[in-house]
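Examining the three-dimensional arrangement
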Amino acid sequence: MKGERHVPDESQAKQEARDLSKQAELAQKELFFFPQEKLDAILEAARLAPSACNGQPYQITVCKGESAKKVAKATQGMGMNKFASDAPVLIVLSEMPYVKSAALGAKVKKNDYRSIDIGIVAAHITAEATAQGLGTCILGWLEDQEIREICDLDGAVRLVITLGYPSSDDKLRTKKRKDQSELIKIIEE
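What comes next concerns the included structure. (Residues numbered from 1 in each chain as written. Predicted model: local features only at pLDDT ≥ 70, side-chain atom pairs only at ≥ 80, totals over all residues. Heavy atoms only, no water.)

With respect to helix α2 (residues 36-47)
Since the α-helix packs 3.6 residues into each turn, any two residues three or four apart lie on the same face. To be explicit about the condition: Working definition: helices are DSSP H or I runs of at least four residues, strands are E runs of at least two. Numbering for both runs from the N terminus. Expected helix span is taken as 1.5 Å per residue step, with the number of steps being one fewer than the number of residues. Exposure classes here rest on a 1.4 Å probe applied to the protein chains alone. A residue is buried below 20% of its type maximum, exposed above 50%, and partly exposed in between. Taking the helix axis as origin, the arc is that swept by the directions to the C-beta atoms. The contact criterion used throughout is that any non-hydrogen atoms of two residues lie within 4.5 Å.
Look at α2: 16 Å from first C-alpha to last across twelve residues, which is about the 16 Å you get at 1.5 Å a residue. Burial in α2 covers these residues: K38, L39, I42, A45 and A46. Summarising the axial view, the buried residues of α2 lie within an arc of 120 degrees, below the 170-degree limit, and thus occupy one face. For α2, the elements touching its buried residues are β1 (58-64), β2 (89-95), α5 (113-131) and β4 (157-164).

Points about the side chain of T75
Tracing the backbone shows T75 in the loop between α3 (65-73) and β2. If near-sequence neighbours (up to four positions away) are discounted, T75 is found in contact with M80, N81, A84, L139, W141, L142, I147 and V160.

Concerning the packing of aromatic side chains
Going by this rule: Here the aromatic set is Phe, Tyr and Trp, taking the six-membered ring for Trp, and pairing holds for ring centres within 6.5 Å; pairs whose planes are under 30 degrees apart are stacked, those over 60 apart are edge-to-face, and all others are tilted. Here, over-ring charges are defined by two tests on the NZ atom of lysine or the CZ atom of arginine: distance to the ring centre within 6 Å, and angle to the ring normal within 35 degrees.
On inspection of all chains with the given rule, the structure shows one aromatic pair. Geometrically, the ring pair formed by F34 and Y165 is edge-to-face, given 6.4 Å between the ring centres and 90 degrees between the ring planes. Taken together, the residues span a long stretch of sequence, with F34 in the loop between α1 (10-23) and α2 and Y165 in the loop between β4 and α7 (180-183) at a distance of 131 residues. Assessed through its relative accessible area of 25%, Y165 is described here as partly exposed. The ring of Y98 has R114 lying over it, and the distance from NZ or CZ to the ring centre is 4.3 Å.

Some points on the packing of α3 against helix α6 (residues 144-151)
Heads up, the rule is: Only the stretch in contact is used when fitting a helix axis, every axis being a line fitted to C-alpha atoms; angles between N-to-C directions are given from 0 to 180 degrees. For classification purposes, angles smaller than 35 degrees are called roughly parallel, those larger than 145 roughly antiparallel, those between 65 and 115 roughly perpendicular, and all remaining angles oblique. Under the scheme applied here, ten amino acids are nonpolar (Ala, Val, Leu, Ile, Met, Phe, Trp, Tyr, Cys and Pro), four are charged (Asp, Glu, Lys and Arg), and all others, including Gly, are polar.
At a closest axis distance of 9 Å, the pairing of α3 and α6 adopts a crossing angle of 170 degrees. The orientation of α3 relative to α6 falls into the category roughly antiparallel. Residues S67, K70 and V71 of α3 form the contact with α6, whose participating residues are I147, I150 and C151. The residue makeup of the contact of α3 with α6, split by class, is four nonpolar, one polar and one charged.

Have a look at this one:
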């Protein structure tokens, strides 16, 4: 009927969201090249991600080829993230200055909105990558200065995200997470 909106089945929507969350973890072995259209969709999702005062206080740097290999190596200190070298694309998220209104808000409220915004854009990137059939892994173990030099960045590097197709023999591991009773508090007053 005219004026009515389609409301999806809530249980189906919840299941799809859980499935996306589970699939977002990268199968961390062999990754293969993927079409530019998939990367374009991921970058558009990142561009549209919300941020404090719509300021987007981050730089999104896409690394392919040798730059991807160099960035991957800068995430592998002490034997960590060995799989990153196999990723055909790495996305580097680094800090940029706040817009004036967000800078004022951060100072007055003593809240680091930039880190929150970087987390939000990372979530949008990984969700869209999963929707595109790709695997991801968010890496926080990294050599900031080394990646800044590789990517010619001024701002601190906060996260690196690997992108690619998981290999066919990769199995999604069971996620180890806190029980909801430990994590969630509901107030109904």
